[in-house]
Amino acid sequence: MAASRDIKNLALVGFMGVGKSTVGRILAEQLRFDFLDTDERIEREAGRNVRQIFAEHGEPVFRGMERRLVQSLAERNHLIISTGGGLIVDPENFADLRQHAMIVCLWATPETIYERVRYQSHRPLLQTPDPLARIREMLAQRESAYRQADVLVGVEHRSAREIAQHIVHQFNAMRKPAAEPA
Ligand code: S3P
């Protein structure tokens, strides 16, 4: 059976383009936590960008790198973890992160996501003739995984700072035991 949770960190999950890294950096600044972006960390350790890893080794190798990185985070404290959009789809990653992190999912419609990513080329999974259709399809496949997050936050019509502020309130409420004086 899973051990009880010890919430010391905060993980941002959600589809590509919803603003996890931007919001994560603001959260790190506001909470005075360290910031870790899983894609950046994997790229640094592999000496290759995500596109190259997909092209040279394939997606399963990238997912293995994500899995090992998640396993290495269990002992960390005061950390904001911005995850790649597919990381949380692996139930083992979800279960591991949940032990030590509050999981926040940033959410947007396929159309908003498309507008945000359409001129970017660093995401191999969206290099297709019809990216909007691909986003719709992948979001539908992943929705149940994303919805298991502790907190779901819609990112439309709110600035990154407003989103971060909302998350800080939720985090403070969740990590303080109810009986503890403020
Ligand atoms: C992926 C999302 C990307 C990156 C990789 C795969 C996904 O990260 O990990 O291209 O499967 O959704 P971002 O969500 O930071 O774009």
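The preceding data block contains the structure.
Here's a quick rundown of the structure.

Definitions and limits used
Residues numbered from 1 in each chain as written. Predicted model: local features only at pLDDT ≥ 70, side-chain atom pairs only at ≥ 80, totals over all residues. Heavy atoms only, no water. Helix = DSSP H or I, 4+ residues; strand = E, 2+ residues; numbered from the N terminus. Rg over C-alpha atoms; globule rule 2.2 N^0.38 Å. Buried < 20%, exposed > 50% of the residue type's maximum accessible area, 1.4 Å probe, protein only. Areas by Shrake-Rupley, 256 points an atom, 1.4 Å probe, with all protein chains shown as cover. Lys, Arg positive; Asp, Glu negative; His and termini not counted. Charge placed at Lys NZ, Arg CZ, Asp CG, Glu CD. Salt bridge = Lys/Arg side-chain N within 4 Å of Asp/Glu carboxyl O. Pairing = 2+ DSSP bridges. Axes fitted to C-alpha atoms, helices over the stretch in contact; angles between N-to-C directions. Contact = heavy atoms within 4.5 Å. Near = heavy atom within 4 Å. Polar contact = N/O pair within 3.5 Å; in protein donor to acceptor, adjacent residues only side chain to side chain. Nonpolar A, V, L, I, M, F, W, Y, C, P; charged D, E, K, R; others polar. Phe/Tyr/Trp six-rings, centres within 6.5 Å; stacked < 30°, edge-to-face > 60°. Lys NZ or Arg CZ within 6 Å of the ring centre and 35° of its normal. Parallel < 35°, antiparallel > 145°, perpendicular 65-115°, else oblique.

This brings us to the overall build of the protein. Helix and strand content of the protein: eight helices and five strands. In the protein, the order of α-helices and β-strands from amino to carboxyl end is β-α-β-α-α-α-β-α-β-α-α-β-α. For a compact globule of 182 residues, the expected C-alpha radius of gyration is about 16 Å, and the protein comes in at 16 Å, within 12% of that figure. The C-alpha extent of the protein, read off along each of the three principal axes, is 55 × 35 × 30 Å. The buried share of the protein, taken over its 182 residues, is 44%. Here the protein displays about 9,700 Å² of accessible surface, and carbon together with sulfur accounts for 49% of that area. Across the protein, the mean location of the 25 positive side-chain charges is 2 Å away from that of the 24 negative side-chain charges.

What follows is about the pattern of salt bridges. The tally for this structure, following the rule as stated, stands at 12 salt bridges. Across the salt bridge formed by Arg-5 and Asp-150, the nearest N and O atoms sit 2.8 Å from each other. You can see Arg-5 sitting in the segment before strand 1 (9-13) and its partner Asp-150 sitting in the loop between helix 7 (131-146) and strand 5 (151-154), a full 145 residues away along the chain. In this structure, the salt-bridge partner of Arg-118 is Glu-115, at a minimum N-O distance of 3.3 Å. Residue Arg-118 is classed as partly exposed on the basis of its relative accessible area, which comes to 37%. Each of the salt bridges in this network shares a partner with another, and the network as a whole consists of Glu-59, Arg-63 and Glu-66.

Turning our attention to the sheet that holds strand 3 (residues 79-82). If you trace the five strands from one edge of the open sheet to the other, you get 2-3-1-4-5, paired in parallel fashion. Strands at the two margins of the open sheet, each flanked by one partner only, are strand 2 (34-37) and strand 5. Mean inter-strand twist for the sheet, computed between neighbouring axes without regard to direction, equals 20°. In terms of strand pairing, strand 2 meets strand 3 through four bridges, oriented parallel. The residue of strand 3 that forms the bridge with Asp-37 is Ser-82. Lying over the sheet, helix 2 (residues 38-46) contacts strand 2 and strand 3, oriented at roughly 70° with respect to strand 2. Sheet strands touched by helix 5 (residues 91-100): strand 1, strand 3 and strand 4 (101-107). Its angle to strand 4, the strand with the most contacts, is close to 120°.

For the rest of this paragraph, the subject is the site of the ligand. Around the ligand, a shell composed of 13 residues is seen, among which Lys-20, Asp-39, Arg-63, Arg-123 and Arg-142 lie nearest. The contact in question runs from an oxygen atom of the ligand to an N or O atom on the side chain of Asp-39, over 2.7 Å. Within the side chain of Arg-142, an N or O atom sits 2.7 Å from an oxygen atom of the ligand. Against a free-state accessible area of 390 Å², the protein chains account for coverage of 94% of the ligand. Class assignment of the residues belonging to the shell around the ligand gives a composition of five nonpolar, three polar and five charged.

Mapped onto the elements of the fold, Asn-9 is located in strand 1. Looking at Asn-9, the relative accessible area reads 0%, which means it is buried. At 2.9 Å, the side chain of Asn-9 forms a polar contact with the backbone nitrogen of His-78. Dropping the residues within four chain positions of it, Asn-9 is found in contact with Arg-76, Asn-77, His-78, Leu-79, Ile-81, His-100, Ala-101, Met-102 and Phe-171.

Turning to the packing of aromatic side chains, a few remarks are in order. For the structure on display, the rule yields two aromatic pairs. Residues Phe-33 and Phe-171 carry aromatic rings whose centres are separated by 5.8 Å and whose planes lie at 85° to one another, so their mutual orientation is edge-to-face. Taken as a pair, Phe-33 in the loop between helix 1 (20-31) and strand 2 and Phe-171 in helix 8 (residues 160-175) lie far apart in primary sequence, 138 residues in all. Note on Phe-33: relative accessible area 8%, which makes it buried. One cation-aromatic arrangement involves Arg-147 over Trp-107; the distance from NZ or CZ to the ring centre is 5.2 Å.

So, about the packing of helix 3 (residues 50-57) against helix 4 (residues 59-71). Following both chains from N to C, one finds helix 3 and helix 4 inclined at 125°, their axes separated by 7 Å at the closest point. As judged from the angle between their axes, helix 3 and helix 4 are oblique. On helix 4, the residues that touch Val-50, Ile-53, Phe-54 and His-57 of helix 3 are Glu-59, Val-61, Phe-62, Arg-63 and Met-65. Of the residues belonging to the contact of helix 3 with helix 4, the class tally is six nonpolar, one polar and two charged.

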